[in-house]
Amino acid sequence: MRTATVTRTTKETDVEVSVDLDGTGTSSIDTGVGFLDHMLDLLSRHSRIDLAVRAKGDLHIDQHHTVEDVGITLGQAIRRALGDMKGINRYADVHMPMDEALTRVAIDISGRPVLVFRTGFRHSKIGTFDTELVREWFQAFAMNAGVTLHVETLYGDNDHHISESCFKGLARVLRTAVAIDPRAKGEVPSTKGTLGG
């Protein structure tokens, strides 16, 4: 079973994340940040990764700590659930349309964390959500999942659609990259024989 549960408790947040990489895309999300909940629900649905997230944070200050720590914890949970990574596809890329927005997302489950994030927003807020936190979440996720992740929005006008295309794009590349290739079952997908070095 490729599952994991990770908890993270600091003076700023208390987060628990559970994942099942071989799930059906069911989710139970409650972070206290409505827009983040929406994005994580999309991520679960389109990746087919079962996802449970509970977070309590210092929202009386702002949403930054909660958003970042959820990204950290989810990244750690996915990395743990991947185990020895034997048989995974490892690589994936997609062009994800969301109405007028189009985002290209590519991933390498390399064990070497890198984020290239070339996405801009027209406004500082989506409702009460700071748009700069989209990048913060992706940064926290990529560093802790141990993935090389490229996210580039080619064009778009609506900030909600732009964000959604980023999260849905991540979902689709995760769905492919974490899947087991039956032709390579039991093999680490690296000429080195190991990932992360």
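Treat the numbers as computed from the prediction; the structure is a model and nothing was measured. Per chain, residue numbering runs from 1 following the sequence as it is written. Local features in this predicted model are restricted to residues of pLDDT 70 or higher, and side-chain atom pairs are both shown and tallied only at a pLDDT of 80 or more, whereas totals for entire chains, interfaces and linings draw on every residue. Water and hydrogen atoms play no part in the side-chain values, which are based on all heavy atoms of the structure.

1. Concerning the packing of aromatic side chains
Geometry of an aromatic ring pair is reported as the spacing of the ring centres plus the angle between the planes.
Right, on to step 1. Any Phe, Tyr or Trp ring, taking Trp's six-membered ring, that has another such ring centre within 6.5 Å forms a pair; planes under 30 degrees apart are called stacked, those over 60 apart edge-to-face, and the others tilted. The tally for this structure, following the rule as stated, stands at six aromatic pairs.
Right, on to step 2. Aromatic side chains Phe 138 and Phe 167 sit 4.9 Å apart centroid to centroid with 65° between the ring planes, which places their arrangement in the edge-to-face category. Placement of the pair is Phe 138 in helix 3 (residues 132-145) and Phe 167 in helix 4 (residues 159-177), with a sequence separation of 29 residues.
Right, on to step 3. Accessible area is worked out with a 1.4 Å probe on protein chains only. A residue is then buried under 20% of its type maximum, exposed over 50%, and partly exposed in between. Of the residues examined, Phe 167 reaches a relative accessible area of 2% and is grouped as buried.
Right, on to step 4. The structure contains a cluster of three or more aromatic residues connected by ring pairs, namely Phe 117, Trp 137, Phe 138, Phe 141 and Phe 167. Labels follow the DSSP assignment, with helices taken as runs of H or I lasting at least four residues and strands as runs of E lasting at least two, numbered in each case from the N terminus.

2. A look at the pattern of salt bridges
Right, on to step 1. Note on definitions: salt bridges are taken to be side-chain nitrogens of Lys or Arg within 4 Å of carboxyl oxygens of Asp or Glu. Inspection of every chain in the model, using the stated rule, returns eight salt bridges.
Right, on to step 2. For Asp 108, the salt bridge goes to Arg 90, with nearest N and O atoms at 2.6 Å. Placement of the pair is Asp 108 in strand 6 (residues 101-108) and Arg 90 in the loop between helix 2 (64-82) and strand 5 (91-98), with a sequence separation of 18 residues. The same class applies to Asp 108 as to Arg 90, namely buried.
Right, on to step 3. Across the pair Lys 168 and Glu 164 runs a salt bridge, and its minimum N-O distance is 3.0 Å. In this pair, Lys 168 and Glu 164 both sit in helix 4, four residues apart, roughly one turn of the helix. Neither residue differs from the other here; Lys 168 and Glu 164 are each classed as buried.

3. Considering the sheet that holds strand 10 (residues 148-155)
Right, on to step 1. Taking strand neighbours across the sheet as the criterion, the four strands line up as 5-6-10-7 in an open arrangement whose pairing is mixed. With one partner strand each, in any of the chains shown, strand 5 and strand 7 (114-118) form the two edges of the open sheet. With direction set aside, neighbouring strand axes in the sheet form an average angle of 10°.
Right, on to step 2. Here, strands pair whenever DSSP counts at least two bridges between them. Relative to strand 10, strand 7 is paired through five bridges, and the arrangement is parallel. When the bridges of strand 10 are listed, Phe 117 appears paired with Val 151. Lines fitted to C-alpha atoms define the axes, with helix axes restricted to the stretch in contact, and inter-axis angles between N-to-C directions lie between 0 and 180 degrees.

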